[in-house]
Amino acid sequence: MSTEKLLVNEESPRTYQSIYPAEVTVTTVQDEIHTTVVHQSVIDPDKETHVYKRRWYVLLVYCLVAFTQGGYWNTWGPIAATSEDAFGWSDADIALLSNWGPISYILAAFAMSWVVDVKGLRWACVGTAVMIAVGAGARCITDQPPYIKWTMNIGQMINGLAGPVGAIPPVLSCIWFPTSQRVTATGITTSAAFVGIAVAMVIGPYMVPDRTTNANSTTSNISETNTTDDDRISQERHDVMLYMYVEAAWAVFVLVLVLVYFPAKPPKPPTLSASVERMDFMTGAKCLVRNSKFWVICATYGISLGVFNCWQSVLDVILKPHNIHEDEAGWLGFYSILAGCVGSVVLARFADVFSRHMKMFLLFLYISGTACFIWFTLLINGTIPNSTYSLYAAIILATLLLNASVPLYFEMACEVTYPVSEGITNFVLTLVNNVGGLVFLLVNMIPHLGTAWENWACLGAIASCIPVLFLIKENYNRLEVDEIKHK
C-alpha cells in the first residue's frame, strides 16, 4: 500500500491530513530546508492480532482503582453538615477539600501522562494505587482540631494527585479491546469513578449520620446542654474517623490487587491501530497543541462537564437552603450518578455498533440535558410547582444524559488526534475539565455568595456548548486504520 509523508512546519504548522503518516518529520526553514525524521512507522495490514479474555479482569482491576479514587474525592460533600459541626469547619472548608481534586490533577497531569506513554499502564496504575492508599492513610492520623484540618487536606491532596487515572480508559481500551468493543470498554471504565462518587453519597451519610438536627434544641439546665453538645461532637468525630479507617483498609486491598496482576499490555495487540507505534511524548505534545479540532472538543468537554461534575460534588450544599436533608441529597446524588453510568455504557455500546456518529449522539445528549437542567433550575427557584418526584426526575435525567457523553468525548478526541498517543490526548482533555471544575469550586469558596448562582452557572456551561458541537467536524483516523485489515 502507498504511504504518505506528513510535514509539520515550525513556521506554518498544520494538523494531520492522512489516515496515518508513515513518516512524521519536522522541518526548520533557515537558509535552506533541513528535515529531521522524528517518528517512523509503517502499517502492516497482515500484522497478527489477538483478543484476550483476561482483558475483562484488567478492566475490573482498573475500575476498582478509579472507583476508589473517585469515591475518596467525594468523601466530604455528602457529610458536610456533620463534619462542619464536629470540627468547626465552614462550607469553604468543605469546598477546599473537594477542590484538591482539580488542583492536584493540574499538578500531576503531565507527569502521569509521561508515565503512561513511556513506562506503560502497569507503572501508572501501581503509582496511582499507592497514592490513593497513602492519601487514605494520612486522613487516619488524628481527629483533633486544628490538626485534623491539615491531615485531611494533605490526604485529599495526595488522593487528588492520583486523579489523572481518570484519563487512562481510552489507553486501556485501545491496548486490550477490539474495535467493536473499544467505546464500550471506555464507557465502562469512565463510569467507575462516577460509581465511586455515587457510593460515597450513600455510604458517607450511612457511616456518618447527621446528628445536628437537635443541636439547636434548648434545655433548662445549661450544663446538661453543654454535656449533650460534647457527647454529640465526640460521637461525630468517632463516626468520621471510623469512616476514614474503612476507606484506608479498602485502599490497601485495591493496591494489593494491582500489585499482584496488572500487565502493561497483552502479548499481541487486539487491533491494527494498536500495533502501530505512536509518536514519542514530546512530538505528540507539539502536534496536539497545533490540532484545532482537538481544542474545540477539549473546550466543550472541559467547560460543560468540568462545571457539572463539581456541581454534583456540592449538591448537598446547594439543596440545603431548600430544606432537603443531607441523607436525602445523598440518595438523590446516588441515583442520578448511577443512572449516568448506565447511560454512559449504553450510549457507548450504541457508538460501537453505529460507528462514525459520535457528534449526533453528543448533540442529542446535550440538547436533552440542557432541557432537563432548565427544568431543575425552574423547580429549585420556585418558578414552577416543586415536588420531590419532579426534583429527582430532573436531576437524574440530566445526570444520565450528560455523563453519558464522557466516553464519546474521549474516543472522539483519540480519533481526531491519531497517531498522537491516547495517553497525552486524554490527559490534556481531562486537565481542561479539571480547570473548569477548579474555577467553579474556587468561586464557591467566596464567603456569603450563596448557592443560587451555581445552578445558573452550570446551566450556562452546558447550553453554551451546543452551538459549538454543531460546528465540530468529525474525523475517524484511527478507525480507518483498523478497517484496513477488513478490506
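Our subject is the structure listed above.
All of these numbers come straight from a predicted model, not from anything done at the bench. (Residues numbered from 1 in each chain as written. Predicted model: local features only at pLDDT ≥ 70, side-chain atom pairs only at ≥ 80, totals over all residues. Heavy atoms only, no water.)

Q: I'm lost on the packing of helix 1 (residues 55–73) against helix 5 (residues 147–161) in this one. Help?
A: Packed helices, taken two at a time, are described by the angle between their axes plus the distance between the axes. It is at 10 Å that the axes of helix 1 and helix 5 come closest, and there the two elements cross at 145°. The way helix 1 lies across helix 5 gives a crossing that is left-handed. Each of Gln69, Tyr72 and Trp73 in helix 1 lies in contact with helix 5, whose residues at this interface are Gln156, Asn159 and Gly160. When the residues that make up the contact of helix 1 with helix 5 are grouped by side-chain class, the tally is two nonpolar, four polar and no charged. (Axes fitted to C-alpha atoms, helices over the stretch in contact; angles between N-to-C directions. Helix = DSSP H or I, 4+ residues; strand = E, 2+ residues; numbered from the N terminus. Left-handed = near helix turned anticlockwise from the far one by under 90°. Contact = heavy atoms within 4.5 Å. Nonpolar A, V, L, I, M, F, W, Y, C, P; charged D, E, K, R; others polar.)

Q: Is there a simple way to think about empty space enclosed by the protein in this case?
A: Over the atoms rolls a probe the size of a water molecule, and in doing so it shows where empty space is left. A complete count under the given rule lists four cavities of 30 Å³ or more for this structure. Within this model, the largest cavity holds a volume of roughly 500 Å³. Lining the largest cavity are 29 residues, with Gly163, Ala193, Asn309, Asn433 and Asn434 sitting closest to its centre. At the level of elements, helix 1, helix 3 (91–119), helix 7 (182–207), helix 11 (292–313), helix 16 (406–417) and helix 17 (422–444) are the ones that each hand at least two residues to the lining of the largest cavity. For the lining of the largest cavity, the per-class residue count stands at 15 nonpolar, 14 polar and no charged. (1 Å grid on protein atoms, 1.4 Å probe; cavity = no way out; pocket = protein on both sides within 12 Å on 5 of 7 lines; lining within 4 Å. Points joined across faces, edges and corners; volume = space filled by probe spheres on them.)

Q: I would appreciate a short explanation of the packing of aromatic side chains in the present structure.
A: Aromatic rings in a pair are described by how distant their centres are and how their planes are angled relative to each other. Under the defined criterion, the tally for this structure stands at 17 aromatic pairs. Measuring from ring centre to ring centre gives 6.4 Å for Phe67 and Trp250, while their planes differ by 75°; the resulting arrangement is edge-to-face. Remark: Trp250 occurs in helix 8 (residues 222–260) and Phe67 occurs in helix 1; sequence separation between them is 183 residues. We classify Phe67 as partly exposed; its relative accessible area is 22%. Ring geometry for Tyr301 and Phe410: centres 5.8 Å apart, planes at 70°, overall edge-to-face. You can see Tyr301 sitting in helix 11 and its partner Phe410 sitting in helix 16, a full 109 residues away along the chain. Accessibility classification places Tyr301 together with Phe410 in one group, the buried group. By the ring-pair criterion, three or more aromatic residues cluster together here, those being Tyr301, Tyr366, Tyr409 and Phe410. One cation-aromatic arrangement involves Arg139 over Tyr72; the distance from NZ or CZ to the ring centre is 5.3 Å. (Phe/Tyr/Trp six-rings, centres within 6.5 Å; stacked < 30°, edge-to-face > 60°. Buried < 20%, exposed > 50% of the residue type's maximum accessible area, 1.4 Å probe, protein only. Lys NZ or Arg CZ within 6 Å of the ring centre and 35° of its normal.)

Q: Where do I start with unusual backbone geometry in this structure?
A: Residues apart from glycine generally show negative phi values, whereas peptide bonds are mostly found in trans. The step from Pro145 to Pro146 runs through a cis peptide bond, and the omega angle for that step is 0°. As for its placement among the helices and strands, Pro146 is situated in the loop between helix 4 (121–138) and helix 5. In the segment running from Tyr418 into Pro419, the intervening peptide bond is cis, with an omega of 15°. With respect to the helices, strands and loops of the structure, Pro419 is situated in the loop between helix 16 and helix 17.

Q: In this structure, what is going on with the pattern of salt bridges? I would like to understand it.
A: One side chain can pair with another of opposite charge once the charged atoms of both are near each other. Summed over all chains, the structure comprises eleven salt bridges. For Arg478, the salt bridge identified is with Glu422, shortest N-O distance 3.0 Å. Pair noted here: Arg478 is in helix 20 (residues 477–484) and Glu422 is in helix 17, with a separation of 56 residues, a long-range link. Classification of Arg478 by relative accessible area gives buried; the value is 0%. (Salt bridge = Lys/Arg side-chain N within 4 Å of Asp/Glu carboxyl O.)

Q: For this particular structure, what's the right way to read the nonpolar core?
A: In summary, soluble globular proteins display a tendency toward joint burial of nonpolar side chains. With 77 residues, the main nonpolar core has Trp311, Phe373 and Phe376 as its most contacted residues. Among residues more than four places away in sequence, those in contact with Phe376 are Trp311, Leu319, Leu391, Ala394, Ile395 and Asn455. In this structure, Leu59, Ile94, Leu97 and Val116 belong to the second largest nonpolar core, which totals 59 residues. (Core = buried A, V, L, I, M, F, W, Y, C linked by side-chain atoms within 4.5 Å.)

Q: Before we go on, may I ask you to explain the packing of helix 6 (residues 169–176) against helix 7 in this structure?
A: Where helix 6 contacts helix 7, the axes come no closer than 8 Å and their chain directions differ by 140°. The orientation of helix 6 with respect to helix 7, classified from their angle, is oblique. Relative to helix 7, the crossing made by helix 6 is right-handed. Touching Pro169, Pro170, Ser173 and Cys174 of helix 6 are Arg182, Ala185, Thr186, Thr189 and Thr190, all from helix 7. Residues belonging to the contact of helix 6 with helix 7 are distributed by class as follows: four nonpolar, four polar and one charged. (Parallel < 35°, antiparallel > 145°, perpendicular 65-115°, else oblique.)

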